[in-house]
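Overview (structure and organization)
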Amino acid sequence: MSFYKIYPKILANSCRITNATQRSLHAYVRTSSTKCVDYFLIARYNSNYSSQKPSVPQQAFMKPLDSIRHLGEKFFLTTDNEPNSSNEKKLIFHSSTLKLFMERLCSGEFRLENIDWMQLREDIIKENPKLMRSIDSVLMNFVIASKNVKLGVSFYEYLKANQLWNISVLASFIYLCGRYGGKEKQEYVLEAYEKLKEITPTFDFKTCCDLVTGFSYTDMWRKGVEFLEMSKITSNTASVSSYSDLIQAAIREGDLVFAVKMFEDCVGSGLVPATVVFDCFLMACKMGKFTVPDLLNLYRKYSLIPNETSVKGPLLEHFQSDSNQKWLHKFVIMKKSGRCVFCGSYLEKHDISSEKFEQLRDETLKRMLIQDDIYLTTVPKEFNEFKKFIAKNAPFDYVIDALNIMYKLSTFRSNERVLRQVVQEFSKTNKKVLVIGRKHIGKTNFVQFIQERAHLFLVENESKDDPFLIYAALYSGKSSFIVTSDCLRTQKFHLSEHMQFVFEKWQRARQIIILKVSENGRMDIKYPIEYDLAIQQDPGGWHIPYIAEKEDEINKPVFELTERFLCLRKSHLRQFSLVEKKLKVTDDLQKTQLTKT
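Calculation rules
Residues numbered from 1 in each chain as written. Predicted model: local features only at pLDDT ≥ 70, side-chain atom pairs only at ≥ 80, totals over all residues. Heavy atoms only, no water. Pairing = 2+ DSSP bridges. Helix = DSSP H or I, 4+ residues; strand = E, 2+ residues; numbered from the N terminus. Axes fitted to C-alpha atoms, helices over the stretch in contact; angles between N-to-C directions. Contact = heavy atoms within 4.5 Å. Phe/Tyr/Trp six-rings, centres within 6.5 Å; stacked < 30°, edge-to-face > 60°. Lys NZ or Arg CZ within 6 Å of the ring centre and 35° of its normal. Buried < 20%, exposed > 50% of the residue type's maximum accessible area, 1.4 Å probe, protein only. Parallel < 35°, antiparallel > 145°, perpendicular 65-115°, else oblique. Nonpolar A, V, L, I, M, F, W, Y, C, P; charged D, E, K, R; others polar.

Before going further, it helps to spend a moment on the sheet that holds strand E8 (residues 511-517). Ordered in space as E6-E5-E4-E7-E8-E9, the six strands form an open sheet in which the pairing is mixed. Two strands close off the open sheet at either side, each with one partner strand: strand E6 (455-459) and strand E9 (523-526). For this sheet, the mean angle separating the axes of adjacent strands, direction not counted, is 25°. Lying on the sheet, helix H24 (residues 466-475) is in contact with strand E4 (398-401), strand E5 (433-438), E6 and strand E7 (481-483); it crosses E4 at an angle near 170°.

With the rule as written, the count across this model stands at 34 aromatic pairs. Through a chain of ring-to-ring contacts, the aromatic side chains of Phe263, Phe278, Phe281, Phe290, Tyr299, Tyr302 and Phe501 assemble into a single cluster. Over the aromatic face of Phe396 sits the side chain of Lys432, whose NZ or CZ is 5.8 Å from the ring centroid. Geometry around Phe481 places Arg510 over its ring, the cationic atom sitting 3.8 Å from the centre.

The element E5 is extensively covered by neighbouring structure, given that five of its six residues are classed as buried. Judged from the four bridges that link them, E4 and E5 form a sheet pairing that is parallel. Bridged to Ile400 within E5 is Val435.

This part covers the environment of Ala472. Its location among the elements puts Ala472 in helix H24. With relative accessibility at 0%, the residue Ala472 sits in the buried group. Placed 81 residues apart in sequence, Ala472 and Ala391 show a C-alpha to C-alpha distance of 9.7 Å. Those residues in contact with Ala472 that lie beyond four places of it in its chain are Phe386, Ile390, Val399, Leu434 and Ile436.

We now examine the packing of helix H7 (residues 117-127) against helix H9 (residues 149-162). A pair of packed helices can be characterised by two numbers: the angle between their axes and the separation between those axes. Relative orientation of the contacting elements H7 and H9 amounts to 85°, with a least axis distance of 10 Å. Between H7 and H9, the interaxial angle falls into the category roughly perpendicular. Across the interface between the two elements, Trp117, Met118 and Arg121 of H7 pack against Leu151, Ser154, Phe155, Tyr158 and Asn162 of H9. Residues belonging to the contact of H7 with H9 are distributed by class as follows: five nonpolar, two polar and one charged.

So, in structure tokens, the structure goes:
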């Protein structure tokens with residue numbers, strides 16, 4: 001059946017689209033001649049199991065006109081017809097009336113008294129019947145994009161008068177009134193919420209996210225915790241934006257204890273608070289409700305890295321305006337050794353205590369390899385063979401992920417050559433190497449080459465090889481390295497919340513990445529940094545890493561994180577590095593020559 005026949009039926013028969021359905025639609029788009037589909041509606045009706053908020057709330061910080069145009073593009077971009085049909089273009093969800101509505105919002109010449117919502121709905125549906133079941137949601141989302149609360153209230157009053165209630169529309173209206181109306185519109189938030197409870201007592205992930213945002217800007221902001229907990233039950237996850245909204249609400253209301261608690265709960269759930277949270281804490285510091293050292297130590301505790309805009313803006317301004325201490329600063333690219341070119345001091349090394357390392361190794365065995373059902377990862381026979389193999393041959397200096405090397409760094413014809421070169425590179429200094437792969441590579445003719453230079457363990461083709469790789473390295477001790485470009489996120493999330501941070505710290509210190517292998521055998525290798533990538537304080541000041549604005553490093557693997565730091569030095573304790581001493585001597589010589597001249 002055609003995509004264009006299936007898609008309207010999905011919208012008509014399902015208020016929310018599941019992740020599986022969404023992946024299927026995306027797969028169809030990638031493999032068909034479709035140039036654009038209405039991803040907005042997919043996201044809007046999707047019971048999203050990710051930690052990110054859907055499309056419209058993510059536009060909250062855009063300018064209204066840009067936000068409306070961004071939303072409008074979702075509706076009016078053209079797509080090719082189905083394969084084997086004519087070459088004419090057609091519009092998905094096309095409606096000239098809806099497009100005119102969008103243009104009027106963009107123009108800023110909207111007059112509430114001129115709106116006939118009933119006529120507007122009828123005209124749009126007449127032009128495109130496909131919008132019949134979603135027209136109210138579509139209109140409300142355009143209103144949200146415009147950030148026009150009065151317009152939203154007008155539309156809500158029309159829906160109320162005609163009893164046209166819809167879960168998605170009510171939740172969106174609560175979001176609009178709370179986010180952009182604040183306490184002045186909280187009576188509408190409560191009224192819409194009461195109507196929402198009459199429809200259903202339990203809310204899905206998307207609805208909970210809207211409710212958290214809506215309530216967090218009212219006097220009932222603490223009620224957002226109730227919706228946050230509900231989202232964990234109904235979708236087995238929580239939203240970063242929901243946590244961030246509650247943290248900001250607590251800071252605005254002056255409850256810093258609650259804000260820190262929500263911050264720690266967010267990080268403990270494996271999520272990273274939004275950038276705006278750091279800025280909000282800085283505002284609390286400016287008002288004297290919190291201190292910058294407390295904020296920096298809070299981020300250091302969880303190895304979190306602030307954004308470039310926050311560091312170069314309000315954070316730096318705080319230190320520059322410090323009346324009790326004069327600070328010197330410089331933005332530097334940190335060397336791999338951890339030596340700062342500005343002050344000459346070295347950053348702290350990666351340090352995982354023996355106790356935590358043993359806990360990580362034990363938890364890796366129980367949660368990654370054995371899990372609740374060992375058959376999800378391996379089989380008992382293979383697991384016992386692996387334990388005997390490790391006990392007999394460990395420790396290893398390097399543990400190599402064979403499949404990752406073979407299939408991510410090479411073409412199909414050259415994968416054997418690449419693995420051979422990597423094994424040869426790490427074994428040539430008489431280091432003890434373990435190569436872990438699957439049994440299907442055992443049929444190739446280069447296995448003997450590997451066995452002559454390294455130990456080899458092949459798991460069943462159905463088994464997961466990453467847990468074996470990680471456990472072998474951890475069993476070998478703190479000095480062992482893993483050689484893979486895999487982010488290992490899936491394996492990390494099997495661990496407890498506390499151990500996930502320990503795992504990331506170990507991964508940053510012990511993961512080697514092969515970036516490229518040329519045909520002549522030359523390799524581009526990225527070795528791990530030697531210092532702890534976290535906010536650090538010493539008697540002379542601070543070293544604060546930050547994420548560059550142009551880089552989206554929230555989802556980057558730990559081995560690709562920033563090397564950019566802000567070095568802050570107390571002026572009377574600052575020590576010049578050798579580089580700066582040479583520069584100073586050169587400047588003095590030039591001044592002397594000019595004086596003589």
